[in-house]
Every structure is written in C-alpha cells, then in structure tokens.
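Geometric and topological summary
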Amino acid sequence: MKMTVVAVMAVVLILGSELPRYSSAVSSEAEEFVSAHNAARADVDVGPLVWSHKLEDYARKYGEEQRDHHNCAMVHSRGPYGENLFWGYGKSFAPADAVRSWVDEKQHYDYDSNSCASGKVCGHYTQVVWADTKEVGCASITCHDKATFIICSYNPPGNFVGEWPYKRAGTKHSHRRSHENDDSRTSSHKTTAQTTDDANSDLKLRSVHECMSQCMNDCFSMSGSSHHHRSNYYQ
C-alpha cells in the first residue's frame, strides 16, 4: 500500500511540472492587442474577441519565417485564418500602434454601401470589427534591420465579399456568399497594412501598394447593384 501511494504522488509531481506549458494566462502584450481590438469593436456594438494561443503560435511562426527567410516581406501566409499585417521602422511600435493603424481606416468605410472610399483601404478595419470573428492571436517580430513586423490572425476569418462586417441596429441585409475557388476564399479575407505615424515622426515606410490594390479588388469589388448579407448573421 505504501508503494502505491508513493507511485501516485510521483505521478502528481511529474504532471504538476508540466502545467506551465499549458497555462491559459496571457502576456501583457496579448492583453494590449485584445484591448485595442475590443475598443474598436465596442464602438460599433460588436462583441469582444478572446485571445487564442493557437493563433498566436501560428502568427509567431509565420512572422519568424518571414524575418529569417524573406526580410520581413509584407506577404500574407495564405493560411486558414483572417490576417492583418503591420510593418514599421524608426521607433518602437506597440500592439496598440498596429491596431490603431488598421482602425484608422474606419474614416474611409461607408457602412450603408459596404464600400471603401476610392483609392483607400478599409479591409484591415473591417476584419478588426468583423462580428463573426471570435478569436485573435498576434505576434510582434523584430526584423534583422530592427523594423517591427506584426501579424494578427483571426478565427473565424472575415472580409468575405458580399458581407457586411457587422449588423447595425435597424438595418436589414440579405446575404449571398460565393467562392469560385480556394484562392477566392483565401484572398477575400487577407489584408495588408503599412505603418502610419504622426506628422512629426520621420519614419521609413515600406511600400505595399500592390497588396493594397489587391485588397481593394478582393474586399470591396461590387459584382452587382447592391451587397447582400446572410440572414443568420449571429449564429
């Protein structure tokens, strides 16, 4: 009987030593990412996101791959999640800086027509406030040239062509979702952002005009006279 008790205690100690690996605690950086996202979502009465360690791991792995093999190129992972990218050089960028650069696109987004102003990009903002998205996980990577590369992954992904990002009280939208192929589905929820800063800061910014043009074509092209939205938006 004593041998049995000792054996059980040993197992408990071994398992206890593994517990930190599976901790659900989030870092202060993660809390800043979530807080910035949820502030923007609250502004349009959209429910909060929760942090996902799985999405964080995905974003970090991709960011490190871009840093080590592609000089932090602003290229999407084309994985199963929604994705926003940020690149900045010239100072230390915090999670709130990246999210603010995406949310600033709100000024160019017109809810009634579900479209973006000509020549502008809104896809990062609409992903931040996409109502069906429930989880976010991000990683901030320091590039070899000391630039900051930030990746946020979203699940479920947003920015599907023909859908409004959220339902405004008092409005009704029908929905028509159509994906011709896997590339169409993937590109419709992938967006790319470059950094912005105040006018007094002298920063070097990487040009991503081609990516932005693609985003505009994918996220806000109108195939008909109106956009439609699915009836069971909150499911």
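Throughout what follows, the structure given in this document is the object of discussion. Just so it is clear, the structure is predicted and the values come from calculations on it, not from any experiment.

Comments concerning the packing of aromatic side chains
- Within the structure shown, the criterion is met by 7 aromatic pairs.
- Relative to Tyr125, the ring of Tyr109 has its centre 6.3 Å away and its plane inclined at 55°; by these criteria the two rings are tilted. Of this pair, Tyr109 sits in strand β3 (residues 109–110) while Tyr125 sits in helix α5 (residues 123–128), placing them 16 residues apart in sequence. With respect to burial, Tyr109 and Tyr125 carry one shared label: buried.
- One aromatic cluster in this structure is built from Tyr111, Trp164 and Tyr166.

Side note on the environment of Ala39
- Tracing the chain through its elements places Ala39 in helix α2 (residues 28–43).
- In this structure the C-alpha to C-alpha distance between Ala39 and Val103, which are 64 residues apart in sequence, comes to 10.0 Å.

Notes on the state of the cysteines
- Per the stated rule, a full pass over the model turns up 3 disulfides.
- Across the disulfide from Cys72 sits Cys143; the S-S distance is 2.1 Å. Disulfide Cys72-Cys143: torsion about the S-S bond near -115°, hence left-handed. Here Cys72 is found in the loop between α3 (53–70) and β2 (82–88), whereas its partner Cys143 is found in the loop between β5 (135–142) and β6 (148–155), with 71 residues between them in sequence. Across this residue pair, the class does not change: Cys72 and Cys143 are buried.

A short note on the sheet that holds strand β1 (residues 50–51)
- A sheet is described by the order of its strands in space; here 4 strands give the open sequence β1-β5-β6-β2, paired in mixed fashion. Because the sheet does not close on itself, it has two edges, and the strands there are β1 and β2.
- The pairing of β1 with β5 spans 2 bridges and is classified as parallel. Paired with Trp51 across the bridge in β5 is Val136.
- Where α2 meets the sheet, it contacts β1, β5 and β6, and its direction lies at approximately 125° from that of β5.

Focus: α2
- Counted at 1.5 Å a residue, the expected span for α2 with its 16 residues is 22 Å, and the 23 Å between its end C-alpha atoms agrees.
- Along α2, the residues classified as buried are Ala30, Phe33, Val34, Ala36, His37, Asn38, Ala40 and Arg41.
- Check the buried side of α2 and you find it contacts β1, α4 (95–103), α5, β5 and β6.
- Trailing α2 by a residue or two, Asp45 shows a phi angle of about 60°, which is positive.

Cut-off values and rules
Residues numbered from 1 in each chain as written. Predicted model: local features only at pLDDT ≥ 70, side-chain atom pairs only at ≥ 80, totals over all residues. Heavy atoms only, no water. Phe/Tyr/Trp six-rings, centres within 6.5 Å; stacked < 30°, edge-to-face > 60°. Helix = DSSP H or I, 4+ residues; strand = E, 2+ residues; numbered from the N terminus. Buried < 20%, exposed > 50% of the residue type's maximum accessible area, 1.4 Å probe, protein only. Disulfide = S-S within 2.5 Å. Pairing = 2+ DSSP bridges. Contact = heavy atoms within 4.5 Å. Axes fitted to C-alpha atoms, helices over the stretch in contact; angles between N-to-C directions. Expected span 1.5 Å × (residues − 1).

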